[in-house]
Amino acid sequence: MTERTIPQHPPAIRVARLTKRFPTPGGGEVTAVDAIDFTVPRGSVTGLLGGNGAGKTTTISMLLGLLLPTAGTVEILGVDMARHRHAVLPRMNFSSPYVELPHRLTVRENLTVYAHLYGLTCVKKRVRELSEHLDLTRFLDRPSGGLSAGQKTRVALAKALLNDPELLLLDEPTASLDPDTADWIRTYLERYRARTGATILLASHNMLEVERLCDSVLMMRQGRIVDRGAPSALLARYGRQTLEEVFLDIARASDGSTLLTGEAADAAE
Amino acid sequence: MPPNDAIAAHPVPRADFSLRRVGAMVLRYWYLLRGSWPRILELAYWPTMQMILWGYINQFMASSSGGGSGWVAQGAGVLVSAVLLWDVLFRGQLGVSISFLEEMWSRNLGHLFVSPLRPGEWVTALMTMSLLRTLIGVLPAAALAIPFFGYSVFALGLPLAAFFANLIVLGWSLGLLIVALILRYGMGAEGLAWIVVFMLAPVSAVYYPVSVLPAWLQPVSLALPSAHVFEGMRALVFEGVLRWDHLAWAVGLNALYMAAGVGVFLYAFRQARVRGALLQTGE
């Protein structure tokens, strides 16, 4: 009788001892990310939370390969980013309100260029599909720079979804949007995840958004992951009613506080 | 969880070098260019103005009222050829630098380099766009020289293609060096895109032979492919001979400078990833 093997898929993200230090003008170093470890299971939505300067954007930049780590490893969909980054880039995508698309190109032109960069077949069809899904059709032929913040966010999301990514990294996906547009974006992301089974890692300062979208949360402070777990577990652990209160507890805690770190938090889970 | 069906519906590129991704970037710059008629006109404006100015200087110096400069009179249109070829070098360098700066101005590098685009493909696209911009700029000026001065630079024949190729390749090397400097020093260095090439002008012997330069400066001049191209151009115009030695020097030196340009660019690109500069670009 032959042994039946069940295919094991590696997690969407596996990070080990990831560290980033930047030199300072005085000849010293500042540690932006300090030997963090975490994994993100496939198909999950994970929130990366922390105050300004906690290390969220630096972490996401290293996950994307835009920033080279000082130490540690990043595996995306089972691929070592340091050695085979280009093998996995076509399977992931990224959106941030702080990284823009060329202003003078129209929405259609921008999406067309990126569709070709991701090697899509049937580019026109894909651009049309996404434009309909994200309600972009009316301004497809308008310059991207002339759009409102909400429209720009939807265009950036369309760009991020062009290749139907298995892994989607979102940096503050609803920053500076009105509640209606922000809700629309969250609903779209929920449906996208349900339809494709994609993994989403999102950095956000909006705790309601995190509670609504995320299966689990990584709390960062001063370059370290100081706590982690499902939103409900964090609420129970801190004895709070909202994730915002948990966030404030963590953000305002002194270094000598009783916050859980790394493996301790895992053990607590 | 296995890869979803949607992924399978959209084949993804696996090649180390993809002409399609190069084409995508050329398309990106072409969209930008075609979206603005003033930009296209501006490309041809300066080469045309320069050609007309130097064309009349050429005519005046060759005429008896202008002192009948024997040197200029020996070769019809030598200064027109020189100014057009100089513009190939200048436009070639500017084409690479400006296309790169477009990404900096639009803060687009973060999106580009999380896509499957590789640095080598981007460089190839920058060079392709530089070639297109140079042709758009220089060809109308070269064509206008015929009705204005009865001189066609195309009469130089096939060697013109060799001169053109060597000058634009030197322009690309300089362009990559400037890109590397901007990646290193940020937008504070963007002015280099418009000035660096002019440091080469005096020693490139564009309008006069290398022998005019002081003896100590001549080796510097002869270390530049451009000086060999302009010496070769004058030999062709004045004597009707193709100086293979100058051409060989130009090709050899260009290979050296291109290797250095690509090396410096790749190093600067990697350092930008170390410092996080790809996300922190823009004004």
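Residues numbered from 1 in each chain as written. Chains lettered and ligands numbered in written order. Predicted model: local features only at pLDDT ≥ 70, side-chain atom pairs only at ≥ 80, totals over all residues.

## Thoughts on the overall build of chain A
No. 1: Counting secondary structure elements, chain A contains 10 helices and 10 strands.
No. 2: Computed over the C-alpha atoms, the radius of gyration of chain A is 19 Å, within 12% of the 18 Å expected from 2.2 N^0.38 for a compact globule of 269 residues.
No. 3: Each principal axis of the C-alpha distribution contributes one length, and for chain A these read about 60 × 55 × 45 Å.
No. 4: For chain A, buried positions account for 47% of its 269 residues. (Helix = DSSP H or I, 4+ residues; strand = E, 2+ residues; numbered from the N terminus. Rg over C-alpha atoms; globule rule 2.2 N^0.38 Å. Buried ≥ 20, exposed ≤ 12 C-beta atoms within 10 Å, placed from the backbone.)

## Details of the overall build of chain B
No. 1: Along the backbone of chain B there are 12 helices and 0 strands.
No. 2: The N-to-C order of helical and strand elements in chain B reads α-α-α-α-α-α-α-α-α-α-α-α.
No. 3: Counting every position in chain B, which comprises 283 residues, the buried fraction comes to 44%.
No. 4: When contacts within chain B are restricted to residue pairs at least 6 apart in sequence, those whose partners lie at least 24 apart make up 76%. (Contact = placed C-beta atoms within 7 Å.)

## What to know about unusual backbone geometry
Residues and elements named next belong to chain A.
No. 1: Of note, the phi angle at R17 is positive, near 50°, even though the residue is not glycine.
No. 2: The topology assignment puts R17 in strand β1 (residues 13-23).
No. 3: The exposed category is assigned to R17, around which 12 C-beta atoms lie within 10 Å.
No. 4: For L77, which is not glycine, the phi dihedral falls at a positive 50°.
No. 5: With respect to the helices and strands, L77 occurs in the loop between β4 (71-76) and β5 (79-80).
No. 6: Residue classification places L77 among the buried positions, given that 20 C-beta atoms sit within 10 Å.

## Some thoughts on the pairing of strand β9 (residues 216-221) of chain A
All names here are of chain A.
No. 1: Counting buried residues in β9 gives 5 out of 6 residues, a clear majority hidden from the surface.
No. 2: For strand β3 (residues 45-50) and β9, the ladder comprises 5 bridges, and the chain directions are parallel. Considered in β9, the bridge of G47 is made with V217.
No. 3: Of the strand pairs in this sheet, β9 and strand β10 (residues 224-229) are connected by 5 bridges, and their pairing is antiparallel. When the bridges of β10 are listed, M220 appears paired with I225.
No. 4: Turn length for the β9-β10 hairpin, with the two strands adjacent in sequence and antiparallel, is 2 residues, and the turn residue Q222 shows positive phi of about 50°. (Pairing = 2+ DSSP bridges.)

## A closer look at the sheet that holds β4 of chain A
Residue and element names in this part refer to chain A.
No. 1: Pairing within the open sheet is antiparallel, and its 4 strands lie in the order β2-β1-β4-β5. Two strands lie at the open edges of the sheet, namely β2 (29-40) and β5, each paired on one side alone.
No. 2: In this structure, β1 lies alongside β2, joined through 8 bridges in antiparallel fashion. Directly across from L18, in β2, lies its bridge partner I36.
No. 3: Packing against the sheet, helix α1 (residues 56-64) makes contact with β1, β2 and β4, and its axis sits at approximately 115° to β1. (Axes fitted to C-alpha atoms, helices over the stretch in contact; angles between N-to-C directions.)

## Regarding the sheet that holds strand β6 (residues 92-95) of chain A
Residue and element names in this part refer to chain A.
No. 1: With mixed pairing, the 6 strands of this open sheet are ordered in space as β6-β7-β8-β3-β9-β10. With partners counted over all chains shown, the strands left at the sheet margins are β6 and β10, one partner each. The average undirected angle you get between the axes of adjacent strands in this sheet is 15°.
No. 2: One ladder, built from 4 bridges, connects β3 with strand β8 (residues 199-203); its direction is parallel. From the neighbouring strand, G47 faces β8, where its bridge partner is L202.
No. 3: Along the sheet, α1 contacts β3, β6, β7 (167-171), β8 and β9; its crossing angle with β7, the most-contacted strand, is approximately 150°.
No. 4: Each of β6 and β7 touches helix α5 (residues 149-161); the most contacted strand, β6, lies at about 170° to it.

## Quick notes on the nonpolar core
No. 1: Counting residues in hydrophobic clusters, the biggest one holds 153 residues, and the most contacted among them are L169 of chain A together with L85 of chain B.
No. 2: The leading source of residues in this core is helix α8 (residues 158-185) of chain B, at 16 residues.
No. 3: Non-local contacts of L169 of chain A, meaning those with residues more than four positions away in its chain, are made with I60, L63, L64, M92, F94 and L201 of chain A. (Core = buried A, V, L, I, M, F, W, Y, C linked by C-beta atoms within 7 Å.)

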